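Chain by chain, the residues run as shown.
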Amino acid sequence: MTVNKTSARSRRLMGMLRKEMWQIIRDPSSIAIAFVMPVVLLFMFGYGVSLDAKNIPVGIAVEKADIITQSLSDSFEQSEFFKPSYYHSIQQAQLALEERKIDGIVWLRSNFSQNLQAGKQAPIEIIINGVDSNQANITMGYIQGVWQSWLTLFSNARGIQLNLPVVLEQRVWFNSALNSRLFLVPGVIAVIMTMIGSLLTAMVVAREWERGTMEALMVTPLSMKEMLAGKLIPYFILGMGSMFISVALAVWWFGVPLRGSFWVMVLASSLFMMVSLLIGLLISIISKNQFVAGQTAIAASFLPAFLLSGFLFDINSMPAFIQGITYLIPARYFVAQLQTLFLAGNVWPVILSNAFALLVMLFVLVLLVSSKSRKTLE
Amino acid sequence: MPKPILLLSQVNKTFDSQDYQVKAIDDMSFAVKTGKVTGLIGPDGAGKTTLMRLACGILTPDSGDFEVMGIDVTKEPLQVQSQIGYMPQRFGLYEDLTVQENLDLYADLQNVAKDKRQARYDELMHMTGMSPFTGRLAGKLSGGMKQKLGLACALIRSPKLLLLDEATVGVDPVSRRELWEIVYHQVHEQGMSVLLSTAYLDEAERCDEVVLLHEGKLIMQGNPKEFSQTVNGRVFQVTVENSKHRPLQQKLSQNPAVLDALIEGKGVRLVMNEKGLPTAENLLPDRVNANKKIKIKAVTPRFEDAFIARLKNKEKSKEYSIEKMEISGSADDEVIRVEDLTRKFGDFTAVDKINFHVKRGEIFGLLGANGAGKSTAFRMLCGLLPVSSGKVAVAGMDLRVATASARGKIGYMAQKFSLYTDLSVKQNLKFFSSAYGLRKKAQQDRIDWALDIFELEEYQDTNAGNLPLGYKQRLSFAAALMHKPEILFLDEPTSGVDPLARREFWQRTNALAEMGVTILVTTHFMDEANYCDRLVIMSKGKILASGTPLDMKNLARTESQPDPSMEDAFIYLIQNKEQPDDSE
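Teacher, can you tell me more about the overall build of chain A here?
The number of helices and strands found in chain A is 14 helices and 4 strands. The C-alpha atoms of chain A give a radius of gyration of 29 Å, which is well past the 21 Å a tight globule of 378 residues would have. With respect to the three principal axes, the spread of C-alpha positions in chain A is 100 × 40 × 35 Å. Taken across its 378 residues, chain A has 36% of its residues classed as buried. Put simply, 79% of the contacts in chain A that link residues at least 6 apart link residues at least 24 apart.

Below you can see the structure in the form of structure tokens.
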């Protein structure tokens, strides 16, 4: 009897899996979401978004040109961060700033060289367009850097000892070229996984409700567990497939190093994939309508993963309240895991603590899904 | 006496709607016999679908006991579900799976042994006539074939009990007959019990037993023939020579002794309040003097007569007259002209060179099953869809390029409820009247008129989406009439509406036609053809026949079938006129 029961159970599950496979093969949209979307998103972020400051247009207003101002201008010219243009008066420069031709002004007054040579205070005035405060800070920092290194060179050349109390020496770990692409690509992979996991499952289960097939399925011996497994397994495989595509692209196309273990990454991704799939299932069980399910999946999983996971915007600079919310976003933990695995290696404390958080979420979601999914229309 | 297959005692089920509670099943107790075909009959909202869903355990009753095959379905739904076949209203076929893949899925789910499958498949495919199409995607099947596949999936494991929820709605009469044959075959061969619900009252007569429901309550249970006999001696047919049937029907329905008057052929079918042959003087006092021959003869009651007698309450026999309208032109004007109209979608020809014309003040019907091409033809007439070839003229113009003022002559009621569901009844009327340029007092008057004539006052502040179906249909109709159109296009206006609401609808439509409004209507209810002055029957994009309802019936009249129904005429046409098509 038990043998019969198990065989009936596995037959039902196989039936569901086969059906789901046919549907995936015949419906180009799920294939597109799983295999085209990752490629498009990776290329968009890999090439389109850059957080590095390069070639910042900056105006240098030189009221009285001489050898000293020329050497300072040259320093800006040589820096890869700036693309300087020159003005003879501050008014011209201000006009250019207002017209957004330049992002900042370095103002050297007519008495600049004179004061400097006389050993007096020789202030450089810097005016920055502060509309984008983030960009303004970066520009400010770079200008200071250029100015300071010029000053050191200038003093050394003249045998003057500068009394600078602290000497700044920068060293960047893990992403030594400061290339934001290396940092973004693992984050994009996390966002893609969120998308595949929740959007795809939310849509396919809601579709069954909408087309009335769910009602017919319910009045068969199929149990709710088998029904859920029938949905989770195929989309898990599909999701992991797009995971591999993304990782392959990241490593071989974008040249992101994979410093951690590949298998640890597969495990971490599987865990996150399950969490995403269950979120999608939960959404579709509650909304029962493809349109609403799709909208909800985007609003409840894709957008937060995009904005609050820390892959694009630094969590530490968010207000405390929003920081609190980020703890509820599964992508936050996965972004941390992926960035570590790609750029740093198997840093166990980071990987395990984030995995633990995801496990807790998985547990809660399993409870929620099984309490919500009963074989009833109510 | 074997145990009943279904046993209900004091079952209650209530649904919470936004602002009110709906008692879908109200203290219902009855038993359904094993090995019989039992029909659940009743208007919309009677509780038919809820009862079905309770029986298969996907809804739970609030109170009461519900036993299916002797099992308490509330406690052991899986036990029940593994022994029944269920076909919901919109059968859940996977349209992106082939016929064979759908069968395989249900065979897997119902645990049909691998070695027994092929024999069962062969049997079912042979029975449904679908053997040549096993490789076709279910979504590409015709409406009737989809239903047959749905039935085959529900029968995959010879269930003890088969539940069919409105399985024949919108299906062409030929497929409907086939579905019934399959069901009875199963009952006789396998001893299966069947519970089905239907909106077609003529199908009730095919059941062994019927259960009549109304507003969640059990009205009666019994043999349909016995039920029909409850109105014995009260059903008559009246014909008056040289008299148009529409005014005659209006006149008769206003007579206090008449419960129901229905246009049928050249005459009017009456259900009287009391038994006994009515006299011409009583029925038509003012016509007797006019020296016309009035013939009154008793006819055999049908299920529908008894149904109406049971449910219609006569006290509000409102005269559905619609205010006078000034329509210029004579009855000989050809208001709608269609010549060689064709529409292709890719290599599929949805409408194939159809021709007809409609005169002023006529009710003209486009009849056919789902997918016959009615709606496509209709959309081209309204200017909603470009024609592939051929000509269309409505009031002398092509509506696709006509001006707004010309369009103001046309009223259109779409097949799907196309009003704003989150606006109230009043707001909808206001919007549609202003869309046609009505302002201030004229607008207010028209809205008041609509609320009054369509009896919508009670619901004027209810959101359109929360209206009962019959009222939704009234509101759509009212919205189409706000600007007093001369020509009305009605696309499946009575689809899904119960017999009582359908009667009301046709009374209003008749009144409009009497006023000189030209009406073009599509329907899949064959009996509604009786209301049309002239009609065409369509199948697979072609017109099979055109003429008056009587012309159509004459086609099918034989010695063995002296009084054919419109459905008989349709089946005759399909079987004799339709070109054999190897694709289906």
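So much for the structure itself; the text now carries on.
Any chance you could explain the overall build of chain B here in plain terms?
When helices and strands are counted, chain B shows 20 helices and 23 strands. What you see for chain B is a C-alpha radius of gyration of 25 Å, in line with the 25 Å of a compact globule of 584 residues. Out of the 584 residues belonging to chain B, those deemed buried represent 46%.

Is there a simple way to think about the pairing of strand 1 (residues 56–62) of chain A in this case?
Note on strand geometry: in a regular strand, side chains alternate between the two faces of the sheet. Residue and element names in this part refer to chain A. Burial within strand 1 is extensive, with 5 of its 7 residues counted as buried. When strand 1 meets strand 2 (residues 82–87), the two strands line up parallel, connected through 6 bridges. In the sheet register, I56 faces strand 2, and the bridge partner there is F82. The β-α-β motif built from strand 1, the intervening helix 3 (residues 67–78) and the parallel element strand 2 has right-handed crossover chirality.

I would appreciate a short explanation of the sheet that holds strand 14 (residues 294–298) of chain B in the present structure.
The strands that make up a sheet are held in pairs by hydrogen bonds between backbone atoms, and each pair lies either parallel or antiparallel. All names here are of chain B. Pairing within the open sheet is antiparallel, and its 4 strands lie in the order 12-13-11-14. Strand pairing shows two members of the sheet lacking a second neighbour, strand 12 (258–264) and strand 14, which therefore form its edges. In this sheet, neighbouring strand axes are inclined to one another by 25° on average, regardless of whether the strands run parallel or antiparallel. As judged from the 4 bridges shared by strand 11 (residues 235–240) and strand 13 (residues 267–272), these two strands associate in the antiparallel manner. Across the sheet, residue V238 finds its bridge partner in strand 13, namely V268. Together, strand 11, strand 12 and strand 13 form the strand contacts of helix 9 (residues 245–253), whose direction differs from that of strand 12 by roughly 170°. Set on the sheet, helix 12 (residues 303–311) makes contact with strand 11, strand 12 and strand 13; between it and strand 13 the angle comes to about 50°.

Explain helix 18 (residues 499–514) of chain B here, please?
The periodicity of an α-helix, 3.6 residues per turn, causes residues three or four positions apart to be oriented the same way. Residue and element names in this part refer to chain B. Compared with the 22 Å implied by 1.5 Å per residue over 16 residues, the 22 Å span of helix 18 between its first and last C-alpha is a close match. All of the buried residues along helix 18 are P499, R502, F505, W506, Q507, T509, N510, L512 and A513. Positioned one or two residues after helix 18, G516 has a phi angle of 105°, which is positive.

Got a minute to help me understand the interface of chain B and chain A in this structure?
Interfaces are often sized by the accessible area lost when the parts come together. Taken together, the contact pairs 25 residues of chain B with 27 residues of chain A. In terms of residue count, helix 3 (residues 99–109) of chain B provides more of the side of chain B that touches chain A than any other element does, 5 residues in total. For the side of chain B that touches chain A, a count of residues per class yields 13 nonpolar, 6 polar and 6 charged.

Hey, could you run me through the domain arrangement of chain A in this one?
When cut into domains, chain A gives domain 1 (2–49 + 179–372) and domain 2 (56–157). Each of domain 1 of chain A and domain 2 of chain A has a C-alpha centre, and these two points are 49 Å apart.

Looking at this model, I keep getting lost on the sheet that holds strand 15 (residues 334–345) of chain B. Mind explaining?
All names here are of chain B. Within the open sheet, the 3 strands sit side by side as 16-15-18. Their pairing is antiparallel. Two strands in the sheet have a free side with no partner beyond their single neighbour: strand 16 (348–359) and strand 18 (389–394). For this sheet, the mean inter-axis angle between neighbouring strands, taken without regard to orientation, is 15°. Bridge count for strand 15 against strand 18 is 5 bridges, and the pairing is antiparallel. Each bridged residue has a counterpart across the sheet, and for I336 the counterpart in strand 18 is V394. Packing of helix 13 (residues 374–381) onto the sheet brings it into contact with strand 15, strand 16 and strand 18, and relative to strand 15 it is tilted by some 120°.

It is not clear to me how the pairing of strand 12 of chain B should be interpreted in this structure. Could you clarify?
Buried residues dominate strand 12 of chain B, accounting for 6 of its 7 residues. The turn linking strand 12 of chain B back onto strand 13 of chain B is made up of 2 residues, and G265 of chain B within it adopts a positive phi angle of 60°.

How do you make sense of the nonpolar core when you look at a structure like this?
It is characteristic of soluble globular proteins that their nonpolar side chains tend to be buried jointly. Ranked by internal contacts, the top residues of the largest apolar core, which has 163 residues, are A190 of chain A together with A55, L163 and L270 of chain B. At 18 residues, helix 7 (residues 180–210) of chain A tops the list of elements feeding residues into this core. Residues in contact with A55 of chain B, not counting those within four places in the same chain, are L6, V68, V73, L163 and L195 of chain B. Grouped together as the second largest cluster of nonpolar side chains are 75 residues, I354, A369, I410 and V497 of chain B included.

I'm lost on the environment of S193 of chain B in this one. Help?
Residue and element names in this part refer to chain B. Assignment of secondary structure puts S193 in strand 8 (residues 193–198). A residue is classified by how many C-beta atoms lie within 10 Å of it, and S193, with 26 of them, is buried. C-alpha of S193 to C-alpha of L162: the two residues are 31 residues apart in sequence and 6.2 Å apart in space. Once you skip the residues sitting within four places of it in the chain, S193 turns out to touch I5, T34, G35, K36, K160 and L161.

Quick question: what am I supposed to make of the packing of helix 3 of chain B against helix 5 (residues 143–154) of chain B here?
Helix packing for two helices is described by the angle between their axes and how far apart those axes are. Residue and element names in this part refer to chain B. Contact geometry of helix 3 with helix 5 gives a least axis separation of 9 Å together with a crossing angle of 25°. The angle between helix 3 and helix 5 places the two elements in the roughly parallel class. Crossing of helix 3 over helix 5 shows right-handed handedness. In contact with V99, N102, L103 and Y106 of helix 3, helix 5 contributes L149, A152 and C153. For the contact of helix 3 with helix 5, a count of residues per class yields 6 nonpolar, 1 polar and no charged.

Where do I start with the packing of helix 5 of chain B against helix 6 (residues 173–190) of chain B in this structure?
All names here are of chain B. Interhelical geometry of helix 5 versus helix 6 gives an angle of 10° and a closest axis separation of 10 Å. On the basis of their axis angle, the class for helix 5 and helix 6 is roughly parallel. In this structure, helix 5 contributes G144, Q147, K148 and L151 to the contact, and helix 6 contributes S175, E178, L179 and I182. Its residues assigned to classes, the contact of helix 5 with helix 6 shows 3 nonpolar, 3 polar and 2 charged.

Looking at this model, I keep getting lost on the confidence of the model for chain B. Mind explaining?
For chain B, the average pLDDT comes to 83, and 93% of its residues sit at 70 or higher. Here the predicted complex scores 0.77 on pTM and 0.74 on ipTM.

Even after reading the chapter, I still don't get the environment of G46 of chain A, so can you show me in this structure?
Residue and element names in this part refer to chain A. By secondary structure assignment, the location of G46 is in helix 2 (residues 28–48). Assessed through the 19 C-beta atoms surrounding it within 10 Å, G46 is described here as partly exposed. A C-alpha to C-alpha distance of 7.3 Å links G46 and L184, two positions 138 residues apart in sequence. Beyond its immediate sequence surroundings of up to four residues, G46 is in contact with R181, V185 and F254.

Where do I start with the environment of A34 of chain A in this structure?
Its place among the elements puts A34 of chain A in helix 2. Setting aside residues up to four positions removed in sequence, A34 of chain A forms contacts with I196, L238, G241 and S242 of chain A.

Reading the values: the criteria
- Residues numbered from 1 in each chain as written.
- Chains lettered and ligands numbered in written order.
- Predicted model: local features only at pLDDT ≥ 70, side-chain atom pairs only at ≥ 80, totals over all residues.
- Helix = DSSP H or I, 4+ residues; strand = E, 2+ residues; numbered from the N terminus.
- Rg over C-alpha atoms; globule rule 2.2 N^0.38 Å.
- Buried ≥ 20, exposed ≤ 12 C-beta atoms within 10 Å, placed from the backbone.
- Contact = placed C-beta atoms within 7 Å.
- Pairing = 2+ DSSP bridges.
- Right-handed = clockwise from strand over helix to strand, strands pointing away.
- Axes fitted to C-alpha atoms, helices over the stretch in contact; angles between N-to-C directions.
- Expected span 1.5 Å × (residues − 1).
- Nonpolar A, V, L, I, M, F, W, Y, C, P; charged D, E, K, R; others polar.
- Domains from an automatic or database assignment.
- Core = buried A, V, L, I, M, F, W, Y, C linked by C-beta atoms within 7 Å.
- Parallel < 35°, antiparallel > 145°, perpendicular 65-115°, else oblique.
- Left-handed = near helix turned anticlockwise from the far one by under 90°.
- pLDDT = per-residue confidence, 0-100.

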